[in-house]
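Spelled out, the chains give:
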Amino acid sequence: MIPRGILVLAFIAFVHASPIENKQLQQEEKISAFAVEDLNYRLNEDVLPIHYKITLEPFFEDEGQNRAFTFKGHVDITLQAQKEVTEIVLHMNDLDVHSYQLNPYEMSQVIPFNKSYYNEQYDKWTIPVPLFEGKLAANQTVILSIDYTGYMRDDMRGFYRSYYMENGKKVWMGTTQFQPVHARRAFPCFDEPGFKSTFEVIMIRPKNLALTIGNTRSTTTTDETKYPGKFIDTFRKTPQMSTYLIAFIVSNYVGSLKNTDDFGVYARPEAKPHTEYAVEFGIQMLDEFNRYFGINYTESIDKMDMAAIPDFSAGAMENWGLLTYRETNILYDSETTPALNQQRIAAVITHEQLHQWFGDLVTCKWWSETWLNEGFARYFQFMGTAFLLKDWDLEEQFVVENHQQSMQLDSTEATHPMTNVVNTKADAAAIFDNISYNKAASILRMLSYYVGKDVFQQILQRHLSDNQYKAVVPEHFFKAIADVKDQATADFFKSWTIQSGFPVVNASLDGNTLKLTQQRFMRNGIANNKTEKYNLPISIAMDNEGFNDTTYKFVIQGTDSYAYNLTSAPKSYYMLNVQQTAFYRVNYVDDNWNKIKEVLMGDDMKKIHVLNRAQVVDDLFNLARGGVVSYSNAVDIIRYLKNETHYIPWLSAINNGLTFLSQRVKAEDAEIFAWFINDLMEKIYKHLTFVYKADDRRTDIYNRVNILSWLCKYGHEDCISESKKAYEDYSITYKKVPKDHRGVVYCNAIRYGGDEEFNFLFEKLLVENVAAEQLNIMNGLACSRNETNIKRLLGRLIRTGDIRIQDRNTVINGVLNGNPEGIDYMFNFITNNYNDWRTAIGDLSALTTTVGRFTSEEQLKKFESFLEAEKEGLGSLHASLTNAVNTAKANLEWDDKYMKEFINHLHEISSASIKVISMIVSALTLFTLYLFN
C-alpha cells in the first residue's frame, strides 16, 4: 500500500513534490516504540479459517426495507480446530448480525447458537460452541454460517461508497479498502494477515451497474426468483491469502482499449482515454518481475486488473489480482499530466505489482513486521521502475526521497525500530510510516551493496520460493540471507531491524590512519544519553577518485571507535559513504570540510559523485540543525549550490534543509531570507529558464518546477512576471498553461493577484472533473494572501462536499505552506469554527500542526488564550492541544539557539556581497574614466 501521509505529488506552494509530506519541527508522526505486546488485541490460533464463501448484495438506493448504502451479507467460514476448544473468536466491526449457525463439516445437521459475546474495544466476537458437549475436538472441521447487514459509509474503509460526476450528476459505486484492519467491516473474519485461507466471493449486482471486478475471474448469471432485477457475479476461488487483500468493485466502470485477456485497467467512462499508459507500463513491469524473481505471477492467480478510484484513502493498494489506485496515481494524459506525475504513476504501479510477491504471495504475519511487505515495495518502487526507465535517475532520487527523508523521523524520539510491537488498530495504521517504508527500503539497499546485486537477487528468490503462500516473520528473511550468503551477514542485517535510529560518524586523519567514532544522531544534537552502537560498513573516496567504487572497505562491528590504516593518505580530501549506500551521517574535522568546500566551489565539483554532493548538503543542514556544526560553516559550504545544475543536490537542499528553515523564519527576517533564496538560485534559474529547453533532461523538468516555486514565492521579478503572463493568457484567451508549470503559475497568479484571479480559479474548481487538475487548482487557491479568500476555501472543507475527504490535507498543507500569513489564517479559521471543523474533519490535528509552526510569542499567547476560553467546549481535546503548547515553546527555544545564528550569518553574507559589488562598480567607474580621459 502507498499510505496517504506519504503520497501526494502535487506541488504544494513551493514545497517539492515528493512522497514525503513536510515534517514539522518536533511535530512528527506519533508512533511509539511499544515496550509490551498486548495479546488482547490479537486472535489466538486455536481455530483456523480454511475457506470463506462470501455473498454480498449492496444497495445504492432504498429497496423495500433495505436502506441506501447498506449491504446484505452471508458468509460460510470453514474452520478447523487446532486443539480442543469451547469457543470460536473472530473479528467483526460495524456489522449487524441477524443469525449464525454452526454446521458439522459434511453433515446436514444445523445447530443454532444460544448466545455470543462482542467486545467493541477489540472488535472480537466470541461464539461458544454448542456441539459435541460444548467443545470442538482437535482437527475437527466445521462451517460457521452468518447472516448480517453492513454499511457502505463514505470514510474509505471496508466496503464503502464512492462517486464520480457524469453530466452534472453523482454516479455511485462500491469499492473496498481492507488494509490493515477493515475486512471485518465487510464480513466477519479472522482479520489478521497471518490467517491465510481461500475465498470465494459472490456479488449480487443491480442491473443498472455494468460490472463487478474482483480478485479473480468471474462468471455472471441471473436468478429472477431469488434476486429479481439483479445480476449474480461469481468469482473463482482464490489462492491462500490474507483477508486484507480481498477486493471488489461494483460500478459502471469501463475497461481500457489496451486491455488484454490477462491484464486490464478500469476507470469511470470519462477517464477511459487516460488508462492506456497504465496498461502498457503495467504489462512490461509485470514481465520484468516475473523474470527477476523467477516465480511467474500467473502461477498464483489468474489475471491482474487495476482500477482508478475517485475516493481512496491510501495512494494505492495491492489487493491480489485487483490493484486499486487514487486516480492521480494511475490515470495519465500526455497533454496534461506533468512529467513528475507520470513518473509517480509508473513508480506506484511498480510498488503495487511488487506486492504481488512481497505482501500477497509471502505476507508479514502481523503488522509489527510491516517492513517485510512495504520495505521491499518501496525499494523496487525506484529500483524496479529503473528496469524500464533507465535514464530517469531513479536510484539517485531514491537516496533523497527515501534514505535522507527517513533520517528525519529516525533522528527524533518519535522513531521506532523497523520491527516494532503493534497492538491497537491505531498502532496498525501508524506503523505504515517512513520507517516501515523508507528506512526499511534504505537498509535493503545497504544490504544489496553489502552482498552485491546478484547475491541480493538470489536472497530474494530464496525467500520467496521457501515461503510462498505463507505468513512470515523477519527470521524467515534472515534465514534466506544466511542460506545464500552466511550467518554473519544475516546478523548484520538483523541488527538494523531491531534497533531504531542511526549514528553520525566523526572522521579524522592521523597520517595514514583514519580514525572514526560513532554516536547516535538525534536532531537536537549529540549531547544526549543515547548509547546505541551500530554495525557500519565503510566506503571511502579520496582526491576526486573512487566515487564509482561502492565496495565497503571494512565494517565497524558496533564499537565506539575504530582505526583503519589507509594504503596512502589523501593529498587533498576524503569522503566516506560513497554514493550514500550506508545508513549514517558523516562529520569531518574542519580541515577536511574546508578541502571539500574548495573542490565543490571549483572546477572539479562534478568529480564528486552527485549523490555525495547531495549527501554533503543533507548532512550539513541536519548537523547544523542539531548543533553539531555551526550554521555559518554549513551555509558557507552549501552555497556551492550557486554553481550546481543537477536536480539531486537541489532536491536534497529543498527537502532536507531549506523547507524547514523557511518554516522557522520570523516576519522581521523575511527580507533577508528572501535575499538568500534569490542569491542561491539565480544562476540555476538562468540555466534552466522559465520555459522548456530542447536539451532538458527528465530531471531538469523536475528541477525547474522546484526552482520556479521557490523563486516566485520569494519575490523574483522575472519568475513572477512570467507566471502572471501565463495565467493571464489562460484566463483571457484560454491558452493552456504548460502541464509542468501549472502548479507554479496558478499559485503565483493567486499569490500576487486579486479577487479576479482567485474567483476565476475558484469557479474552475467547482466544475473540474480531472483529479490531477483539481489538485493543481486547490494548491493554487491555497496560495492566496487574502484572508477572506482563504476563509472561502477552508469553508469548502467543512460546509460543502466540493472537496473530497481524501483531498482535505492538500488544502490544509497548501494554506500552511503557501505564504507566511497562512499560519495565522489557518489558526484564526479553526479556532473561530472549531466545532464545525471537528464535526467535519474528525479532529483538531490541523490546529496542532499549525501551532507547531508558530514563530512568535504573540502567536503562542493567542493560542493559550483560546485554550483557556474554550476549555469546557474542547472537552477531552483540551489536554492534547495543551501538549502543542510545549511543542511550540520547544520550537521557539530552538529558534533562539540556532535560527538567530543562521539569520545573522545571512546578514554577514549579504553585507559582504554588497561590498564586493560596490568594489566592482567602483573599479569599472575608474576604468571608464581612464578610457575617456
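This section reports on the structure supplied with the text. What you see is a predicted model, and the numbers here were worked out from it, not measured in a lab. (Residues numbered from 1 in each chain as written. Predicted model: local features only at pLDDT ≥ 70, side-chain atom pairs only at ≥ 80, totals over all residues. Heavy atoms only, no water.)

## A word on the overall build of the chain
Per the secondary structure count, the chain includes 28 helices and 30 strands. The globule rule puts the C-alpha radius of gyration for 933 residues at 30 Å, and the 29 Å found for the chain is close to it. Along the longest, intermediate and shortest principal axes, the C-alpha atoms of the chain span 115 × 70 × 60 Å. Relative to its full complement of 933 residues, the chain shows a buried share of 61%. If you take every contact in the chain between residues at least 6 apart in sequence, the share linking residues at least 24 apart comes to 73%. Of the roughly 35,000 Å² of accessible surface on the chain, a fraction of 48% belongs to carbon and sulfur atoms. Here the chain contributes 94 positively and 117 negatively charged side chains, and the mean placements of these two sets differ by 1 Å. (Helix = DSSP H or I, 4+ residues; strand = E, 2+ residues; numbered from the N terminus. Rg over C-alpha atoms; globule rule 2.2 N^0.38 Å. Buried < 20%, exposed > 50% of the residue type's maximum accessible area, 1.4 Å probe, protein only. Contact = heavy atoms within 4.5 Å. Areas by Shrake-Rupley, 256 points an atom, 1.4 Å probe, with all protein chains shown as cover. Lys, Arg positive; Asp, Glu negative; His and termini not counted. Charge placed at Lys NZ, Arg CZ, Asp CG, Glu CD.)

## Some details on the environment of methionine 1
Within the secondary structure, methionine 1 sits in the segment before strand S1 (47-59). The exposure class assigned to methionine 1 is buried, which follows from its relative accessible area of 7%. Spatially, the C-alpha atom of methionine 1 lies 5.9 Å from that of glutamate 318, the residues being 317 residues apart in sequence. The residues touching methionine 1, leaving out its near neighbours within four places in the chain, are Gln177, Gln179, Ala314, Ala316, Met317, Glu318, His351, Glu352, His355, Glu374, Phe432 and Tyr437.

## Observations concerning the pattern of salt bridges
If you walk through the whole model with that rule in mind, you get 51 salt bridges. Note that arginine 268 and glutamate 270 form a salt bridge whose closest N and O atoms lie 3.6 Å from each other. With a relative accessible area of 47%, glutamate 270 lands in the partly exposed category. Note that arginine 804 is salt-bridged to aspartate 311, the shortest N-O span being 2.5 Å. (Salt bridge = Lys/Arg side-chain N within 4 Å of Asp/Glu carboxyl O.)

## A look at the sheet that holds strand S17 (residues 263-267)
Taken in spatial order, the five strands make up an open sheet running S16-S17-S18-S20-S19, and their pairing is mixed. Here the strands that pair on one side only, and so sit at the sheet edges, are strand S16 (254-255) and strand S19 (316-317). In this structure, S19 lies alongside strand S20 (residues 322-326), joined through two bridges in antiparallel fashion. When the bridges of S20 are listed, alanine 316 appears paired with tyrosine 325. Packed onto the sheet, helix H1 (residues 276-293) meets S17 and strand S18 (304-309) and runs at close to 145 degrees relative to S17. Strands in contact with helix H2 (residues 339-354) are S17, S18, S19 and S20; relative to S20, the strand with the most contacts, it is inclined by about 150 degrees. (Pairing = 2+ DSSP bridges. Axes fitted to C-alpha atoms, helices over the stretch in contact; angles between N-to-C directions.)

## Details of the state of the cysteines
In protein chemistry, a disulfide is the covalent bond that joins the sulfur atoms of two cysteines. In this structure the tally under the stated criterion is two disulfides. Across a sulfur-sulfur distance of 1.9 Å, cysteine 712 and cysteine 719 are joined as a disulfide pair. On the sign convention where negative means left-handed, the S-S torsion of about -95 degrees between cysteine 712 and cysteine 719 marks this disulfide as left-handed. Like cysteine 719, cysteine 712 is buried. What pairs with cysteine 747 in a disulfide is cysteine 783, and their sulfur atoms sit 2.0 Å apart. Given an S-S torsion of about -95 degrees, the disulfide between cysteine 747 and cysteine 783 has left-handed geometry. Here cysteine 747, found in helix H18 (residues 742-751), pairs with cysteine 783, found in the loop between helix H20 (771-781) and helix H21 (787-799); they are 36 residues apart in sequence, far enough to count as distant. We note that cysteine 747, like cysteine 783, is buried. Cysteine 364 supplies the cysteine sulfur nearest to cysteine 189, a cysteine that is in no disulfide, at a spacing of 16 Å. Look at cysteine 364 and you get buried, because its relative accessible area is 0%. (Disulfide = S-S within 2.5 Å.)

## A closer look at the nonpolar core
Grouped burial of nonpolar side chains is what soluble globular proteins tend to show. Membership of the largest hydrophobic core comes to 297 residues, with the highest contact counts inside it found for Phe477, Leu576 and Phe863. Looking at which element gives the most residues to this core, the answer is helix H28 (residues 877-931), with 13 residues. Not counting residues within four places of it along the chain, the set of residues in contact with phenylalanine 863 comprises Phe827, Leu847, Val851, Phe854, Leu881, Ala884 and Val885. (Core = buried A, V, L, I, M, F, W, Y, C linked by side-chain atoms within 4.5 Å.)

## Quick word on the packing of aromatic side chains
Given two aromatic rings, their pairing is described by the distance between the two centres and the angle made by the two planes. In total, this model carries 73 aromatic pairs according to the counting rule given. Summarising the aromatic geometry, the rings of tyrosine 631 and tryptophan 894 are spaced 6.3 Å apart at their centres and angled 90 degrees between planes, so their arrangement reads as edge-to-face. Of this pair, tyrosine 631 sits in helix H13 (residues 631-638) while tryptophan 894 sits in helix H28, and the two are 263 residues apart along the sequence. Classification of tyrosine 631 by relative accessible area gives buried; the value is 1%. Owing to a relative accessible area of 9%, tryptophan 894 belongs among the buried residues under this scheme. When the ring of tyrosine 727 is compared with that of tyrosine 746, the centres are 6.4 Å apart and the planes differ by 80 degrees; the resulting orientation is edge-to-face. Separated by 19 residues along the polypeptide, tyrosine 727 in helix H17 (residues 717-733) and tyrosine 746 in helix H18 bring together distant segments of the chain. Assessed through its relative accessible area of 3%, tyrosine 727 is described here as buried. Positioned above the aromatic ring of tyrosine 163, the side-chain terminus of lysine 170 is 4.4 Å from the ring centre. A cation over an aromatic ring shows up here: lysine 207 above the ring of phenylalanine 231, its NZ or CZ 5.3 Å from the ring centre. (Phe/Tyr/Trp six-rings, centres within 6.5 Å; stacked < 30°, edge-to-face > 60°. Lys NZ or Arg CZ within 6 Å of the ring centre and 35° of its normal.)

## Focus on the packing of helix H11 (residues 590-601) against helix H12 (residues 610-625)
Contact geometry for H11 and H12: axes closest at 12 Å, N-to-C directions at 135 degrees. Judged on the interaxial angle alone, H12 and H11 are oblique. The element H11 and its partner H12 pack so that their crossing is left-handed. Taking contact as the criterion, the partners of Trp593, Ile596 and Leu600 in H11 are, on H12, Arg613, Val616, Leu620 and Leu623. Among the residues forming the contact of H11 with H12, the class breakdown is six nonpolar, no polar and one charged. (Parallel < 35°, antiparallel > 145°, perpendicular 65-115°, else oblique. Left-handed = near helix turned anticlockwise from the far one by under 90°. Nonpolar A, V, L, I, M, F, W, Y, C, P; charged D, E, K, R; others polar.)

## Some points on the sheet that holds strand S6 (residues 117-119)
The sheet built from three strands is open, its strands ordered S3-S7-S6 with antiparallel pairing. Whereas interior strands pair on both sides, the edge strands pair on one side only; in this sheet they are strand S3 (87-91) and S6. When the angles between neighbouring strand axes are averaged without regard to direction, this sheet yields 20 degrees. The pairing of S6 with strand S7 (residues 124-128) spans three bridges and is antiparallel. Pairing of tyrosine 118 across the sheet is with tryptophan 125, part of S7.

## A closer look at H20
A large share of H20 lies buried, amounting to ten of its eleven residues. Three or more residues of H20 are buried, namely Ala771, Glu773, Gln774, Leu775, Asn776, Ile777, Met778, Asn779, Gly780 and Leu781. On its buried face, H20 sits against H17, H18, helix H19 (755-767), H21 and helix H22 (808-818).

## Topic: the pairing of strand S8 (residues 141-151)
Taken together, the eleven bridges between strand S2 (residues 70-81) and S8 define a ladder with antiparallel strand orientation. Looking at S8, one finds that histidine 74 is bridged to aspartate 147.

## Section: a negative patch on the surface
Taken together, the side chains of Glu668, Glu857, Glu858 and Glu864 define an acidic patch exposed on the protein surface. Positionally, glutamate 857 belongs in helix H26 (residues 857-869). Overall, glutamate 857 belongs to the partly exposed group, its relative accessible area being 44%. (Patch = residues over 30% accessible without salt bridge, like charges linked within 9 Å, V, L, I, M, F, W, Y side chains within 5 Å.)

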